[in-house]
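Okay, here's what each chain looks like letter by letter:
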Amino acid sequence: MSDDKTRHEPKSVEDVIGELDELAAHNDKVCIGDVLDDFGGRSFGPFIMLPALIEITPVGGIPGVPTFLAVIIALVAVQMLFGKDHIWMPQFIQRRAVGAKKLHRSVKKLRGIAHWLDGHSKDRLRKLTEGIGLKVAALAVIILCVTVPPLEFLPFASSGPMLAIAAIGLALIVHDGLVMLFALLLAVAAIGGGTYYYYTSDDEEGGAGGLATVTSADTALRVG
């Protein structure tokens, strides 16, 4: 890894999208390790936001993908929580790749969103994205990641925590404390809503099962 790449850190969502597009333009496929090298190991924001955004797309509907992405995000968040100054990822994750053409198409769709997000994000309340604020954000991301695997079995449920994670990643990229406050409120809502959705769905399934049992027993008694 060169020093120039190590020092590089995206300052906006459009920076992130542009770097991905450039990688796709010069390679047949793009590995996670390539992105890590290009953004620099100090760039926690993109590695929190990008996997979360991917999960919100139709790709997140593939069984196992939300949990895999949550593991990647949690790995980054744990390192952020403990004050690491360089992102480490195991080789089997760094080797995971996506075709350059597919990545280019995805980047093209995200450009409009990236421009809007940058236009509504400013360098406000910067201290909320540093120091203790950074650790609070990391802890929130870890808790959100823990909720993803059980929610994966419910339609679209895992997109709630992933949306909150993407917002936290955005706040870290643009150093906007106001966005961070909104993202943390969204995280609380996602955790509460996801927990309620999970348990009420379980109760409904249990209720249906109980009704089926009673109906079967009643039928058996009538036949007898």
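Details of the structure are given in the entry above.
Residues numbered from 1 in each chain as written. Predicted model: local features only at pLDDT ≥ 70, side-chain atom pairs only at ≥ 80, totals over all residues. Heavy atoms only, no water.

Chemist: How should the overall build of the protein be read in this particular structure?
Modeler: Tallying secondary structure elements over the protein gives 10 helices and two strands in all. Reading the protein from its N end, one meets helices and strands in the order α-α-β-α-α-α-α-β-α-α-α-α. Residues classed as buried in the protein amount to 42% of the 224 residues present. In the protein, the proportion of contacts linking residues at least 24 apart, taken out of those at least 6 apart, comes to 75%. Put simply, the protein shows about 12500 Å² of open surface, and 65% of that area lies on carbon and sulfur atoms. (Helix = DSSP H or I, 4+ residues; strand = E, 2+ residues; numbered from the N terminus. Buried < 20%, exposed > 50% of the residue type's maximum accessible area, 1.4 Å probe, protein only. Contact = heavy atoms within 4.5 Å. Areas by Shrake-Rupley, 256 points an atom, 1.4 Å probe, with all protein chains shown as cover.)

Chemist: Quick question: what am I supposed to make of the packing of aromatic side chains here?
Modeler: A ring pair, where both rings are aromatic, is described by two values, the distance of the centres and the angle of the planes. Applying the stated rule across the entire model yields zero aromatic pairs. In this arrangement the basic side chain of Arg96 is found over the ring face of Phe68, its NZ or CZ atom lying 4.7 Å from the centre. (Phe/Tyr/Trp six-rings, centres within 6.5 Å; stacked < 30°, edge-to-face > 60°. Lys NZ or Arg CZ within 6 Å of the ring centre and 35° of its normal.)

Chemist: Is there a simple way to explain the environment of Leu151 in this structure?
Modeler: Considering the arrangement of structural elements, one finds Leu151 in helix H8 (residues 131-151). Accessibility expressed as a relative area gives 3% for Leu151, which makes it buried. Considered as a pair, Leu151 and Tyr198 are 47 residues apart in the sequence and their alpha carbons are 6.7 Å apart. Contacts of Leu151, omitting those with residues within four sequence positions, involve Ala157, Ser158, Pro161, Gly194 and Tyr198.

Chemist: Mind showing me how you'd approach the packing of H8 against helix H9 (residues 159-174) here?
Modeler: Angle between the axes and distance between the axes: these two values describe a pair of packed helices. At a closest axis distance of 9 Å, the pairing of H8 and H9 adopts a crossing angle of 155 degrees. Classified by the interaxial angle, the pair formed by H8 and H9 is roughly antiparallel. Regarding H8 and H9, the two cross each other, and that crossing is left-handed. Contacts between H8 and H9 involve Leu134, Ala137, Ala140, Val141, Leu144, Cys145, Thr147, Val148 and Leu151 from the first element and Pro161, Met162, Ala164, Ile165, Ile168 and Leu172 from the second. Across the contact of H8 with H9, the residue classes break down as 14 nonpolar, one polar and no charged. (Axes fitted to C-alpha atoms, helices over the stretch in contact; angles between N-to-C directions. Parallel < 35°, antiparallel > 145°, perpendicular 65-115°, else oblique. Left-handed = near helix turned anticlockwise from the far one by under 90°. Nonpolar A, V, L, I, M, F, W, Y, C, P; charged D, E, K, R; others polar.)

Chemist: What exactly am I supposed to notice about helix H3 (residues 32-39) here?
Modeler: Helical periodicity: at 3.6 residues per turn, an α-helix aligns residues three or four positions apart in one direction. In terms of residue burial, H3 counts as a mostly covered element, since six of its eight residues are buried. When H3 is considered as a whole, its buried residues turn out to be Ile32, Gly33, Val35, Leu36, Asp38 and Phe39.

Chemist: Can you help me understand the environment of Ala167 in this one?
Modeler: Relative to the helices and strands, Ala167 resides in helix H9. Looking at Ala167, the relative accessible area reads 12%, which means it is buried. For Ala167 and Leu181, which are 14 residues apart along the polypeptide, the C-alpha to C-alpha distance reads 9.7 Å. For Ala167, the residues in contact, after removing those within four places along its chain, are Val179, Ala183 and Leu186.

Chemist: What's the story with the side chain of Thr129 in this structure? I'm lost.
Modeler: Tracing the sequence through the fold places Thr129 in the loop between helix H7 (100-119) and H8. Among the residues examined, Thr129 registers a relative accessible area of 5% and is labelled buried. Apart from the residues lying within four places of it in its own chain, the contact partners of Thr129 are Leu134, Ala171, Leu172, His175, Asp176, Gly177 and Met180.

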